[in-house]
Each structure stands twice: as C-alpha cells, then as structure tokens.
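# Examining the three-dimensional arrangement
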Amino acid sequence: MALADIFLKEKKPERGLLAAEWFTIAYVVFTLLMMAFMWNKLQNPEQMLLGRGCYILVTLLMWGVYRMMPCRLTLLLRIVAQMSFLGWWYPDTYELNRLLPNLDHFFASMEQGLFGCQPSLLFSQAVPYAWFSELMCLGYVSYFPLIALVSLYYFVARYQEFKMATFVILVSFFIYYFIFVLLPVTGPQFYYLAAGTENIAAGIFPNLGDWFMTHSERMAAPGWSDGFWYHILDLAHDAGERPTAAFPSSHVGITTVLMMLALRTRCRWLIFTILPFYILMCLATVYIYAHYVIDALAGLITGIALYYILCFLYKRT
C-alpha cells in the first residue's frame, strides 16, 4: 500500500456502524442490564456508566469522522479506537463477576484430578533460570504488540480482508469478556494467595465464596525479579490485572486467533515472527501463575473455534 492510498476515498464506504462496533454495543447493552439488576451491590456504578457513555461517544464520533472522510485512514482510526478500549473493558469484568460466587476451588480441583498436582505452582520451581523467566515474561507482554502487528499487516498488505481480520479479533475479545463476567474464576495468582499456598500444595482447595468481592491481592510472579521483562510484566499487572478472567485464557485464545490469521496470509515472515511468541505465550500463562493448565487448553480450543466461526459469520454479514 502506497502512503497516498490511505487518503483515497473508498469506493464503497460503510454507511453505518461496523459489524465489530455493533457487537461491542451488544456487549454494552448486556452489561448495562446486569448493572441494572445489581446496581445496589456495585461499588462504582456511576464510574462504570460513565465509561460506557464515553465508549458510545467515541464510537459515534469516529463514525462521524469516517462519514465525512471515508478513506482507509479514517477506517483504521475507527478500529484503533475500538482496540484502545480493550484495556478498559478487561478490568471492568471484575466489577460484575466479583458479585458471583468464586469458582476457583472447582477449577483447581479439576487441575489436581487431571495432573495429580498444580502445574502452575510447580512450573517455575522446575525451571528456575533467569533466562527462562525473561523469555516467559517477554512472551506474556507481547500480547498487544502481536495484535497490533497482525492488524497492521492486514491493513497494509491485505486491505480487502482488514475489516474481517479485525472483526474476528475484536469479537473474540468480547466473547471472552462475556464468559468472564458470568464465570468468576480468578486464576492461581489470586486464588493460591487467598487459599494459602500450604493448602494448595497439600491438595486442599477451599471454597472462597465472595472473598474476591473485597480482596484483589495477588501473588508476585515467579522468576528473575531483576529482569527487564519481569519489570514490564509487573507494571502491566499493576495497571490492569484484577481477580477475573482466568477461564478460558484469553491470552492463549486471542494469540491462537492471531496465529490462525497469520497462517491465513501464508506470509512466511509474519508466521515465523508470531510463532515463537505464540509458543512462549502458551507456556507463560501457566509459568507466571496467571492461569491453570486447563485454562490454557481451553484458550487453545476456543481460539481455534472462534476463528472459524467468526470468519464464517463475517461472510454472512
């Protein structure tokens, strides 16, 4: 794509909202209905309502800009605006799902039954090397850069499929967010600390009920605490991590979607750029206590399923 092409007026501009924007608005309506029923139990309902109002305002504003100047650049800005809210929507799931009974005891028990241990607790102990820790942290923090890379590749090299690719990415996120709201699983970094690592090591998994309604403390990630990528991971966790969104692993699920989109292009440099980070991501989610192994496996399965289902649905829109 030549630089001048991004300013060319599109031959068939989208008149209404993009399919991904409509899906996000459906998610907004869903969470608003939940808020209406839980209003008196919510801790920050006004702030949550304001955030949704800001989202609608930005979406309509970017639609208006695109309608005034329907070109590739303004379409890209619409997608960037949608993706910029993803970091806000993620912790927002905690505000709703913490009102439901915590289910980590069930998932930790399932993990124990399948593997005879807690792999997330033992992984970092089995591989305690600084270089491995840095690789795990690098893999985990590559999440949003990988999303940007795949999206921009489609924009520059396969523009005719750009809306499809970003639809699949964005809608995958909101399907995971929908699950997270209704399935309150925090993951090892929160549950192990609350339950007590001595209990976890002994195979005792207490039901914490509504503990996470008022507690959000997490275990520090294992590994080389003086490492550069460890510090980047720690900053990211401090900024946006909450006791929410463990099952299935959206990090594994979304990077699986990205891997499938890369394979679709048959572009070797893109595939072999993403592949090592994808492998690191699948391992890192368990290594840093973010997920149980069953979360990562569910992320892999749902990521593949979402790619095929959403590609099919997009063709029907």
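Here the structure is shown first, and the text comes after it.
These lines cover the structure that appears in this document, whether it is placed above or below. (Residues numbered from 1 in each chain as written. Predicted model: local features only at pLDDT ≥ 70, side-chain atom pairs only at ≥ 80, totals over all residues. Heavy atoms only, no water.)

### Structural notes on the environment of Val 286
- Mapped onto the secondary structure, Val 286 falls in helix α14 (residues 268–287).
- Using a relative accessible area of 7% as the deciding quantity, one classes Val 286 as buried.
- Each C-alpha atom of the pair Val 286 and Val 185 lies 15 Å from the other, and the pair is 101 residues apart in sequence.
- Setting aside anything within four residues of it in sequence, one finds Val 286 in contact with Pro 119, Ser 120, Phe 123, His 291, Tyr 292, Val 293 and Ala 296. (Helix = DSSP H or I, 4+ residues; strand = E, 2+ residues; numbered from the N terminus. Buried < 20%, exposed > 50% of the residue type's maximum accessible area, 1.4 Å probe, protein only. Contact = heavy atoms within 4.5 Å.)

### Regarding the packing of aromatic side chains
- For the structure shown, the criterion picks out 31 aromatic pairs.
- Between Tyr 153 and Trp 269, the aromatic rings sit 5.8 Å apart at their centres with planes inclined by 75°, giving edge-to-face as the arrangement. Here Trp 269 lies in helix α14 and Tyr 153 lies in helix α8 (residues 143–157), a separation of 116 residues in the sequence.
- Between Tyr 176 and Phe 180, the aromatic rings sit 6.2 Å apart at their centres with planes inclined by 15°, giving stacked as the arrangement. Taken together, the positions of Tyr 176 and Phe 180, both in helix α9 (residues 162–182) and four residues apart, correspond to about one turn of that helix. Each member of the pair, Tyr 176 together with Phe 180, is buried. (Phe/Tyr/Trp six-rings, centres within 6.5 Å; stacked < 30°, edge-to-face > 60°.)

### Regarding α9
- When the terminal C-alpha atoms of α9 are compared, their 31 Å separation across 21 residues agrees well with the 30 Å that a helix rising 1.5 Å per residue should span.
- Counting buried positions along α9 gives 16 out of 21 residues, so the element sits mostly inside the fold. (Expected span 1.5 Å × (residues − 1).)

### Points about a nonpolar patch on the surface
- Together, Phe 106, Met 110, Leu 114, Phe 115 and Leu 297 make up a nonpolar patch on the protein surface, roughly 470 Å² of accessible area in all.
- Among the elements that line the nonpolar patch, the one with the most residues is helix α5 (residues 104–115), at four residues.
- Its place among the elements puts Leu 114 in helix α5.
- The class of Leu 114 is exposed, set by a relative accessible area of 57%. (Patch = residues over 30% accessible without salt bridge, like charges linked within 9 Å, V, L, I, M, F, W, Y side chains within 5 Å. Areas by Shrake-Rupley, 256 points an atom, 1.4 Å probe, with all protein chains shown as cover. Salt bridge = Lys/Arg side-chain N within 4 Å of Asp/Glu carboxyl O.)

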